[in-house]
Amino acid sequence: MSLFNRRSMILMPLALAACGFAPAYGPSGPAADLQGRIRIADPNTKNGFDLVSRLEERLGRAEAPRFDLTYTITTIPVGVGITPENAINRFHLRGTVEWSLISREDGARVTGGTVENFTAYSATGSTVAGLAAEEDAAFRLMQMMADQIVTRLIATAGSWA
């Protein structure tokens, strides 16, 4: 290991501490109190179930909720690959989740927003294979958008938590 690498390994934590960096989930971090404190609205669709499962995986199930998280999911399949016979064989699945975090104390919206993403799947092969590919793409899309919501919650927790 070179001298430069050793110095940077020693100095990097000091530089981060000097700039006010604190781990989000650390004892004094802004997101320390999020685990188990957000009750996510019950799902009523498969996409909702996948989104809520991922959110609860990341945030924990609400044991003593201080906030309610509501959401609206929209997905749109868009054909992007067309064969010479004019059949669509590749799709992008675009998704949007509009979400709000509401304080249980006073019912006020403390934060929220919209997350968007997309994934793709192939519709070649049998009908069953195409449906399985579409379902898998929707599952991946819900996981990506749930992760985006959690990232925004963690990033903004210092201003509302």
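First, a word on scope: everything that follows refers to the structure included in this document. (Residues numbered from 1 in each chain as written. Predicted model: local features only at pLDDT ≥ 70, side-chain atom pairs only at ≥ 80, totals over all residues. Heavy atoms only, no water.)

Moving on to the overall build of the protein. Within the protein one finds three helices and four strands. Counting from the amino terminus, the protein carries its helices and strands in the arrangement α-β-α-β-β-β-α. Within the protein, residue pairs in contact and separated by at least 24 positions form 62% of the contacts whose partners lie at least 6 positions apart. Element-wise, carbon and sulfur atoms account for 55% of the exposed surface of the protein, whose accessible area totals about 9800 Å². (Helix = DSSP H or I, 4+ residues; strand = E, 2+ residues; numbered from the N terminus. Contact = heavy atoms within 4.5 Å. Areas by Shrake-Rupley, 256 points an atom, 1.4 Å probe, with all protein chains shown as cover.)

Before going further, it helps to spend a moment on the pairing of strand β3 (residues 88-103). Inspection of the sheet shows strand β2 (residues 67-82) paired to β3 by 15 bridges, in the antiparallel sense. Paired with F67 across the strands is S103, a residue of β3. In sequence, β2 turns back onto β3 through a hairpin of five residues, with N86 there showing a positive phi of about 70°. Where β3 and strand β4 (residues 109-122) come together, 13 bridges link them in antiparallel fashion. Each bridged residue has a counterpart across the sheet, and for T96 the counterpart in β4 is E116. (Pairing = 2+ DSSP bridges.)

Let us look at the packing of aromatic side chains. The description of an aromatic ring pair rests on the distance of the ring centres and on the angle between the ring planes. Evaluation of the coordinates by the stated rule reveals two aromatic pairs. Seen in terms of ring centroids, F67 and W160 are 5.2 Å apart; in terms of plane orientation they differ by 90°. Their pairing is edge-to-face. Pair noted here: F67 is in strand β2 and W160 is in helix α3 (residues 127-160), with a separation of 93 residues, a long-range link. Exposure class is identical for F67 and W160. Each is buried. Ring geometry for F91 versus Y121: centroids 5.3 Å apart, planes at 15°, classification stacked. Taken as a pair, F91 in strand β3 and Y121 in strand β4 lie far apart in primary sequence, 30 residues in all. (Phe/Tyr/Trp six-rings, centres within 6.5 Å; stacked < 30°, edge-to-face > 60°. Buried < 20%, exposed > 50% of the residue type's maximum accessible area, 1.4 Å probe, protein only.)

On to the environment of G79, then. One can find G79 in strand β2. Relative accessible area serves as the criterion here: at 35%, G79 is assigned to the partly exposed category. Distance from G79 to A120, taken between C-alpha atoms, is 9.7 Å for residues 41 residues apart in sequence. Beyond its immediate chain neighbours, meaning those up to four positions away, G79 contacts I88, R90 and F91.

Here the focus is α3. Compared with an ideal rise of 1.5 Å per residue, which puts 34 residues at 50 Å, α3 spans 48 Å between its outermost C-alpha atoms and is within 8% of the ideal. Of all the bends in α3, the greatest, near 35°, is centred on I154. (Expected span 1.5 Å × (residues − 1). Bend = angle between axes of the 7 residues up to and from the residue.)

Glancing now at the nonpolar core. Proteins that are soluble and globular tend to have nonpolar side chains buried together. Residues I38, L69, W99 and L153 are the most contacted members of the largest nonpolar core, which totals 30 residues. Sorting the residues of this core by element identifies β1 (38-40), α2 (46-59), β2, β3, β4 and α3 as the ones contributing at least two each. Ranked by residue count, the leading element in this core is α3, at twelve residues. The residues touching L69, leaving out its near neighbours within four places in the chain, are I38, R39, I40, A41, L55, W99, S100, L101, I149 and L153. (Core = buried A, V, L, I, M, F, W, Y, C linked by side-chain atoms within 4.5 Å.)

Opposite charge on two side chains lets them pair, provided their charged atoms get close. Applying the stated criterion to the full structure yields eight salt bridges. Close ionic contact of R39 with D42 constitutes a salt bridge, the shortest N to O distance being 3.2 Å. Residue class for R39 comes out partly exposed when judged on its relative accessible area of 30%. Of the residues examined, D42 reaches a relative accessible area of 57% and is grouped as exposed. Linking R61 and E56 is a salt bridge whose minimum nitrogen-to-oxygen distance equals 3.1 Å. (Salt bridge = Lys/Arg side-chain N within 4 Å of Asp/Glu carboxyl O.)

These values are about where atoms sit, not about what they do.
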